[in-house]
Amino acid sequence: MRDLFSDLRYALRGLRKAPVFTLVAVLSLALGIGANAAIFTLLDQVMLRVLPVKDPGQLALLSMRGAHYGSNTGQNALSYPMYTDIRDRNRVFSGMLCRYALPLSVNFHGRTERTPGELVSGNYFDVLGVTAALGRVLTPEDDRGEGGHPIAVLSYDYWVSRFAADPHVVGERILVNDFPVTVVGVSQRGFDGVEVGNSPGIRIPVTMKKQMTSGMWAETYNLQNRRGTWVNVFGRLRPGVSLVQAKASLQPLAHSILEMEVTEAAFSRASPYVRQQFLKGSMDVLPAARGRSGLREKFSTPLWVLMTMVGVVLLIACANLANLMIARAANRQKEMALRLALGAGRMRIARQLIVESLTLAALGGAAGLLVAAWTDHLLLRFLPTGDAPSPLTFSPDARVIVFTLAISAFTGVLFGFAPALQSSRAELALTLKEQAGAVIGGAAQLRKGLVMAQVFLSLLLLIGAGLFVRSLQNLRTLDPGFRTSNLIAFSVDPTVNGYSKDRTMLFYRDLRERLAAIPGVETAALGLVRVLDNNEWDNSIAVEGYAPKPGEGMSPFFNAVSPGYFYALGIQMIAGREFLASDEARKDKVGVVNEKFAKRYFGGAERAVGRHFGFGGDPGTKTDIEIVGVIRDAKYQDLRETDREQDFVPYAQMDHAFGMTVYIRTRLAPEQLFGAVKQMVRGMDPNLPLYAMRTLDDQLNRSLLTERMVAFLAAAFGLLATFLAAVGLYGVMAYNVARRTREIGIRMALGAAASDVTWMVMREVLWLVGVGVALALPAALVLTRLVKSQLFGVTPNDPLSLIAATLGIVLVGALAGWIPAMRAMRIDPNRALRYE
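Quick caveat, the model's predicted, so the values are computed rather than measured.

**Here we look at a positive patch on the surface**
Stage number 1. Taken together, the side chains of Arg-9, Arg-13, Arg-16 and Lys-17 present a region of like positive charge at the surface.
Stage number 2. Positionally, Arg-9 belongs in helix α1 (residues 2–17).

**Here's the deal with unusual backbone geometry**
Phi is mostly negative for residues that are not glycine, and the peptide bonds are mostly trans.
Stage number 1. One non-glycine residue, Asp-55, adopts positive backbone phi at about 45°.
Stage number 2. Within the secondary structure, Asp-55 sits in the loop between α2 (19–48) and β1 (59–65).
Stage number 3. The phi dihedral of Asn-76 is positive, around 55°, even though this residue is not glycine.
Stage number 4. Along the chain, Asn-76 turns up in the loop between β2 (71–72) and α3 (80–89).

**Observations regarding the pairing of strand β22 (residues 660–666)**
Stage number 1. The buried count for β22 comes to 7 of 7 residues, which makes it a mostly enclosed element.
Stage number 2. Going residue by residue along β22, you find Met-660, Val-662, Ile-664 and Thr-666 tucked away on one face and Thr-661, Tyr-663 and Arg-665 tucked away on the opposite face as well.
Stage number 3. Bridge analysis of strand β13 (residues 487–492) against β22 gives 6 bridges, and the strand direction is antiparallel. The residue of β22 that forms the bridge with Ala-489 is Tyr-663.
Stage number 4. For strand β14 (residues 521–527) and β22, the ladder comprises 6 bridges, and the chain directions are antiparallel. If you follow Gly-527 over to β22, its bridge partner there is Thr-661.

**Brief notes about the side chain of Thr-706**
Stage number 1. One can find Thr-706 in helix α23 (residues 705–739).
Stage number 2. Setting aside its immediate chain neighbours within four residues, Thr-706 contacts Lys-298, Phe-299 and Pro-302.

**Thoughts on the nonpolar core**
Inside soluble globular proteins, nonpolar side chains tend to come together where they are buried.
Stage number 1. Ranked by size, the top nonpolar core spans 120 residues in total, and within it Leu-360, Phe-415, Phe-468, Tyr-565, Phe-566, Leu-569 and Phe-717 carry the most contacts.
Stage number 2. Ignoring sequence-local partners within four residues, the contact set of Phe-468 consists of Val-305, Met-309, Val-710, Ala-711, Ala-714, Val-787, Gln-790 and Leu-791.
Stage number 3. Counting 105 residues, the second largest nonpolar core, distinct from the first, contains Leu-62, Phe-490, Val-543 and Leu-688.

**Some words on helix α22 (residues 696–703)**
One full turn of an α-helix is made of 3.6 residues, so residues set three or four places apart face in the same direction.
Stage number 1. For α22, the complete set of buried residues consists of Leu-696, Gln-699, Leu-700 and Ser-703. End-on, the buried residues of α22 take up no more than an arc of 100°, which puts them together on one face.
Stage number 2. Turning to α22, the residues buried within the fold contact β13, β22, β23 (690–695) and α23.

**Brief notes about helix α24 (residues 741–749)**
Stage number 1. Burial in α24 covers these residues: Thr-741, Ile-744, Gly-745 and Met-748. Looking down the long axis of α24, one finds its buried residues gathered within 100° of arc, a one-sided arrangement.
Stage number 2. Positive backbone phi, at 110°, marks Gly-751, one or two positions downstream of α24.

**Description of the side chain of Asn-123**
Stage number 1. Examined against the element boundaries, Asn-123 turns out to sit in the loop between β4 (111–120) and α4 (124–128).
Stage number 2. Judged by relative accessible area, Asn-123 falls into the buried class, the value being 15%.
Stage number 3. A polar contact of 2.4 Å, which involves the side chain of Asn-123, links it to the backbone oxygen of Met-96.
Stage number 4. Dropping the residues within four chain positions of it, Asn-123 is found in contact with Tyr-83, Met-96, Leu-97 and Pro-140.

**Some thoughts on a nonpolar patch on the surface**
Stage number 1. A surface patch of nonpolar side chains, amounting to about 400 Å² of accessible area, comprises Leu-781, Val-782, Leu-783 and Leu-786.
Stage number 2. Its place among the elements puts Leu-786 in the loop between α25 (754–783) and α26 (799–825).
Stage number 3. You can call Leu-786 exposed: its relative accessible area is 68%.

**Some thoughts on the environment of Met-505**
Stage number 1. Inspection of the secondary structure puts Met-505 in helix α17 (residues 501–516).
Stage number 2. Met-505 sits 152 residues away from Ala-657 along the chain, and the two C-alpha atoms are 7.4 Å apart.
Stage number 3. With near-sequence residues (within four places) excluded, Met-505 lies in contact with Tyr-651, Ala-652, His-656 and Ala-657.

**A short note on the confidence of the model for the protein**
Stage number 1. Put simply, the protein has an average pLDDT of 87, and 91% of its residues get 70 or more.
Stage number 2. Note that pLDDT drops below 50 for residues 435–441; the model gives that stretch 12 contacts with residues more than four away or on any other chain.

**Some words on the pattern of salt bridges**
Pairing between side chains of opposite charge can happen when their charged atoms approach one another.
Stage number 1. Evaluated as defined, the whole model comprises 31 salt bridges.
Stage number 2. Measuring nitrogen to oxygen at the nearest pair gives 2.6 Å for the salt bridge that ties Glu-118 to Arg-99. With Glu-118 in strand β4 and Arg-99 in strand β3 (residues 93–108), the pair connects residues that are 19 residues apart, well separated along the chain.
Stage number 3. Judged by its relative accessible area of 0%, Glu-118 falls in the buried class.
Stage number 4. Of the residues examined, Arg-99 reaches a relative accessible area of 1% and is grouped as buried.
Stage number 5. Close ionic contact of Glu-264 with Arg-226 constitutes a salt bridge, the shortest N to O distance being 3.8 Å. Placement of the pair is Glu-264 in the loop between α8 (243–261) and α9 (272–278) and Arg-226 in the loop between α7 (215–219) and β10 (228–229), with a sequence separation of 38 residues.
Stage number 6. Among the charged side chains, a network of salt bridges with common partners joins Asp-85, Arg-226, Arg-227, Glu-261 and Glu-264.

**Let's talk about the packing of aromatic side chains**
Stage number 1. Scanning all chains against the criterion turns up 31 aromatic pairs.
Stage number 2. Taking the centre distance of 5.6 Å and the plane angle of 55° together, the rings of Tyr-80 and Tyr-83 count as tilted. Linking Tyr-80 with Tyr-83, this pair stays in helix α3, spanning 3 residues, or about one helical turn.
Stage number 3. On the basis of relative accessibility, which here comes to 0%, the residue Tyr-83 falls in the buried class.
Stage number 4. Their ring planes at 65° and their centres at 4.9 Å tell us that Phe-108 and Phe-163 sit as a pair that is edge-to-face. On the criterion of sequence distance, the pair formed by Phe-108 in strand β3 and Phe-163 in helix α5 (residues 156–163) is long-range, its members being 55 residues apart.
Stage number 5. Taking relative accessible area as the criterion, Phe-108 reaches 11% and is therefore assigned buried.
Stage number 6. The lysine or arginine in question, Lys-209, covers the ring of Trp-230, its NZ or CZ lying 5.0 Å from the ring centre.

**Description of the packing of α25 against α26**
Packed helix pairs are characterised by how far apart their axes lie and by the angle those axes make with each other.
Stage number 1. Relative to each other, α25 and α26 sit at 155°, their axes nearing to 9 Å. One way to sum up the angle between α25 and α26 is to call them roughly antiparallel. Crossing of α25 over α26 shows right-handed handedness. Contacts from Ala-754, Val-757, Thr-758, Val-761, Met-762, Val-765, Val-769, Val-773, Leu-777, Ala-780 and Leu-781 in α25 reach Leu-802, Thr-806, Ile-809, Val-810, Gly-813, Ala-814, Gly-817, Trp-818, Ala-821, Met-822, Ala-824 and Met-825 in α26.
Stage number 2. A breakdown of the residues in the contact of α25 with α26 according to their chemical character gives 19 nonpolar, 4 polar and no charged.

Here is what the cut-offs are and how they apply
Residues numbered from 1 in each chain as written. Predicted model: local features only at pLDDT ≥ 70, side-chain atom pairs only at ≥ 80, totals over all residues. Heavy atoms only, no water. Patch = residues over 30% accessible without salt bridge, like charges linked within 9 Å, V, L, I, M, F, W, Y side chains within 5 Å. Areas by Shrake-Rupley, 256 points an atom, 1.4 Å probe, with all protein chains shown as cover. Salt bridge = Lys/Arg side-chain N within 4 Å of Asp/Glu carboxyl O. Lys, Arg positive; Asp, Glu negative; His and termini not counted. Charge placed at Lys NZ, Arg CZ, Asp CG, Glu CD. Helix = DSSP H or I, 4+ residues; strand = E, 2+ residues; numbered from the N terminus. Buried < 20%, exposed > 50% of the residue type's maximum accessible area, 1.4 Å probe, protein only. Pairing = 2+ DSSP bridges. Contact = heavy atoms within 4.5 Å. Core = buried A, V, L, I, M, F, W, Y, C linked by side-chain atoms within 4.5 Å. Arc of directions from axis to C-beta. Polar contact = N/O pair within 3.5 Å; in protein donor to acceptor, adjacent residues only side chain to side chain. pLDDT = per-residue confidence, 0-100. Phe/Tyr/Trp six-rings, centres within 6.5 Å; stacked < 30°, edge-to-face > 60°. Lys NZ or Arg CZ within 6 Å of the ring centre and 35° of its normal. Axes fitted to C-alpha atoms, helices over the stretch in contact; angles between N-to-C directions. Parallel < 35°, antiparallel > 145°, perpendicular 65-115°, else oblique. Left-handed = near helix turned anticlockwise from the far one by under 90°. Nonpolar A, V, L, I, M, F, W, Y, C, P; charged D, E, K, R; others polar.

Structural data, given as structure tokens:
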């Protein structure tokens, strides 16, 4: 330890005496380590971190595989009756819970706001091992009897932000979706739930489902209906039971439930094929230590791609530092030779140099944390957090600090090993006679190899960045099928405030009229599903005169809209007409379909008008909806999707009322009308939350958040890598020119022209760059195929991206070498001959 502290003091003195070297080294490391720490911060929270619950490794998520008959709310969802069947009859779980995420309208002391919420089973907290920070959490007794427990548990963060951490809130009554509930407690700090990316602020017993939802959401997705799947089910494995064993044990139970369900009245109209496919279903048991997450699915590949890229940047930074350290070691050859001559062992010399490298790495790691904090704030702009606060944090925590320490130590050894090895092998006689050129020849070759590796890695990053940037540009210039300019969109849901269907329809009608009367507004319309929001609602259909083949999918995207919807969005009608106000009162149902729907089922747009379809896929389904118009194909979920069949119906002809998205076409800049629109809606109902107000241009940008993040960061990392490679190339060539000063002077004294000297240096530069390029291009042809799923409108081996990146790295390399070449050209032969 005494030797170690001595080495550390010596290293710090040496670094202080070489400020330029220290600054360049620390800055290079800070950029490389900071980029890694920043991406790891996000990767850790989205992909790696386990839930802050008791024994998370014992948690499992249940998912039904196979054909479903009925309605569903997404992946990994079961019906509530199936949950209770498995909960009461399984032999592999010590406890099971269910949960359902939904937005809630919370009114407290006259102020209403929309917040993420969750309906949970009474044993939710008990199974997870989560306790209360204040009051109590829910218990199984709070799950007895439908509608009998109007209570709520607040999350810790929501308690702090919404209720100012007031301990007296426990026992208070608040209105949730216009229904009075009593706050009984606050859950423990740090627990955000079981879904990464969704942090519920309030949890209510699942037996209050009917009171917390309305319309179809209450009727279809309830505690009795087996044909509506909506709850996520988690189980805690008994000690000694594996996931494979649990899955095998649940299959007979799951199959018996399916056999029972297929005999119920709901299957009376199902075809034999549908019954057969339904009975093939099986229960899957998935690991759930990290919970479930739509955010994880969306960001999984991009985050791993970015983590790989920043790893490459760090390797380039290490190569740069290794070059600097080798050059510095060459200048210290005599010092090391003297130490060896005085009796220092070679391992002692190597250890001292490794300590210097680790000291530099520690300084770079500390600066890297600052770079990571800044980068993480930048990353926050790319995350789809919606209108609720992000549950993800961007402050370096213990895990990030440990990661930073680990990669700092790794880089310290990585870039310090070669210089330490080279210095400890110094030949005493030659070095002490100052014949340094004989000593450092091998080091010079190593430095050139490092430069070629930097060029190789930088070119790979530039090619990848070019592909991602071109993909983003292709998406930005893609025609979505409607006009996004001068269009405002916001959402409102009167049903959560207790509005009946009739009252909701009157509210929407009045809302459209009032909005259209605002100066600067051209028209206003409503749609059930917001466009480009990565959300969808599909529905099985029957089509007049069309007999589907067994197993043929007929589930187009569905939307319920108001009159004027297609005009407001600028969607072109190619046949027939749009919905009219008179359609709302007529008994005969009407619909509008898109061009792809018309071509698939009727052979063309003109043939589709006047034909019929109906909702439902069973034999004998009524086709009672008359097609009155056909629209041009337009995007629905996002810009990447391939065009799919779509059908539209008037929202007033729906059996239930829903929350709607309002679209306002303006003559003025949309942002100028935000205040007037909000004031008008509050004037209609001050307790009705208006949310997700943004322009459709902003909505389009939000739909490209992942692509923008990857393209921006890939370009930034590619340019950073190229800069570091250029610095490395410049350092090697500048050192070589200085080392060959006498040789260049002799050449010029013997008559060599300045251009010959310049070409001599540039030839070496181009050779180093050329070898790196020659190695990188074949590797790029293989590696770019790994990111094919992240590209759009461009092939992995896109010639333009390959050529542009290659020309870029060659030009940057030539520029980095041109400066030492100019210095060599200006060498005075008389001074050069007296050099050293």
